Amino acid sequence: MAFREWKTFAGAGFGAILLAGLAGSAFADDTLKLTELSPNGADACFGRVYDAAHLKAHPKQKVARIFFYYGHDPVSRPNEEPNANSDTSYNGFLTTTVRGAKAPEWAGGWCNHESEDDKSGPIRCGMDCDRTLASLKVDDKGRLILSDLSSDIYLDPDSEEQLGKAEYVRQALGSEDDNFRLDPMPSATCKAEFARIDPIDPALGPPLRERFKSDQAFCYGRDYDAAHMSSHPDQLTQSIRVFRGSVELASYASGGDVANWPDGADIAVSVTTRRKGAKVTQTYSCQGEADQWRCAASSKMSDFSCDIAQKEIFLKRGANGTIMLANPNSSIAIVDLCSKAADGKTKSDDKVYRLEAMPQSACAP
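Read on for an overview of the structure. (Residues numbered from 1 in each chain as written. Predicted model: local features only at pLDDT ≥ 70, side-chain atom pairs only at ≥ 80, totals over all residues. Heavy atoms only, no water.)

If you walk through the whole model with that rule in mind, you get 10 aromatic pairs. Aromatic pair Tyr-50 and Phe-180: ring centres 6.2 Å apart, planes at 55°, arrangement tilted. One end of the pair, Tyr-50, is in the loop between β1 (44-49) and α2 (52-57); the other, Phe-180, is in strand β8 (residues 180-185), and 130 residues separate them in sequence. Here Tyr-50 matches Phe-180 in class, with each residue buried. With a centroid separation of 5.7 Å and an interplanar angle of 70°, the aromatic rings of Phe-212 and Tyr-220 are classed as edge-to-face. An aromatic cluster is defined as three or more aromatic residues linked by ring pairs; in this entry it consists of Phe-212, Phe-218, Tyr-220, Tyr-252, Trp-261 and Trp-293. (Phe/Tyr/Trp six-rings, centres within 6.5 Å; stacked < 30°, edge-to-face > 60°. Helix = DSSP H or I, 4+ residues; strand = E, 2+ residues; numbered from the N terminus. Buried < 20%, exposed > 50% of the residue type's maximum accessible area, 1.4 Å probe, protein only.)

This brings us to the nonpolar core. Of all hydrophobic cores here, the largest spans 30 residues; its most connected members are Ile-267, Val-269, Trp-293, Leu-325 and Ile-332. It is strand β11 (residues 265-273) that contributes the most residues to this core, four residues altogether. Once residues within four sequence positions are removed from consideration, Ile-332 is found in contact with Val-269, Val-271, Tyr-284, Ile-313, Leu-325, Asn-327, Leu-337 and Tyr-353. Membership of the second largest hydrophobic core comes to 28 residues, among which are Tyr-70, Leu-136, Leu-146 and Phe-180. (Core = buried A, V, L, I, M, F, W, Y, C linked by side-chain atoms within 4.5 Å. Contact = heavy atoms within 4.5 Å.)

On any regular strand, side chains alternate: one points to one face of the sheet, the next to the other face. The side-chain alternation of strand β7 (residues 144-147) yields two buried faces, one formed by Leu-144 and Leu-146 and the other by Ile-145 and Ser-147. In terms of strand pairing, strand β6 (residues 131-138) meets β7 through four bridges, oriented antiparallel. In the sheet register, Leu-136 faces β7, and the bridge partner there is Leu-146. In this antiparallel pair of consecutive strands, β6 and β7, the connection spans five residues, and Gly-142 shows a positive phi of 80°. The pairing of β7 with β8 spans three bridges and is antiparallel. Residue pairing in the sheet places Leu-144 in a bridge with Leu-182 of β8. (Pairing = 2+ DSSP bridges.)

Here it is, written out as structure tokens:
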């Protein structure tokens, strides 16, 4: 069982974390109302790629590529969040690539006129924590003037104190990274630029919430042979099954909201270990979060001497029809979930499982 780092939150960097917060700050009805940026109501794209001569003449400018997109979210890709949340639109998205970087960074915000009637005056794009993404103005040639861009736009608000001055300067934008003049471009150009941030792996296929229907049973698992167990002496798991069966389907049918699938979906995880031959089954309640299901241990099926709601596992799409289960914080019942052995990060080599589809009978209680 190969170990690899597992992200327990969506994306990386301040911009990705911000995306979740924007849902409470901007709504579909609020977007696409700045006619200066989009006279016909369509998504709008502005950008510029600086050549070597320009960058040589501006040594304190780190940004080599910059794009601003106004309209529907160009960052999200097929993900696990419910369909009911998928049409939320945000006003402004900025992506930049600094010299020598292999991929862009990005941030998002909501854009409005700074006036009482919200129909005139300067345009400001705000972010959480009362930060400014940028100020916007369109010149007489239709180019976007982007100003008030903070050097720490992609960093946490207290990053200078956390990182130290030298590292902060290294990660922040340059002193000449402001007052950009961006040309109007096809929206497809911006979408292609944002796609460079985290390219989609076609081998992963559709998200789990599409692969598995709310009324559909499934069974995934793996049985580790003697050779594998011998070569992984720190692995406790001998056999594992992840499934939705008749009990889980009935639970969702009685109280689940199909429009918000997979939020509220129960799954069961059965394990046997090399130390104990008996199978132990634990139920988890899941919700979609970015590109994964976050599943918290549930006490529906049995009583516990502790609060197990903080015991979480994560499901993701794997390549070629597999699914990946992450157990970063000792939340699989290979140990007593209320014991000291379950405190903190998983100590054994039982952190990430690659599971294959199996007949439903293989997951029978």
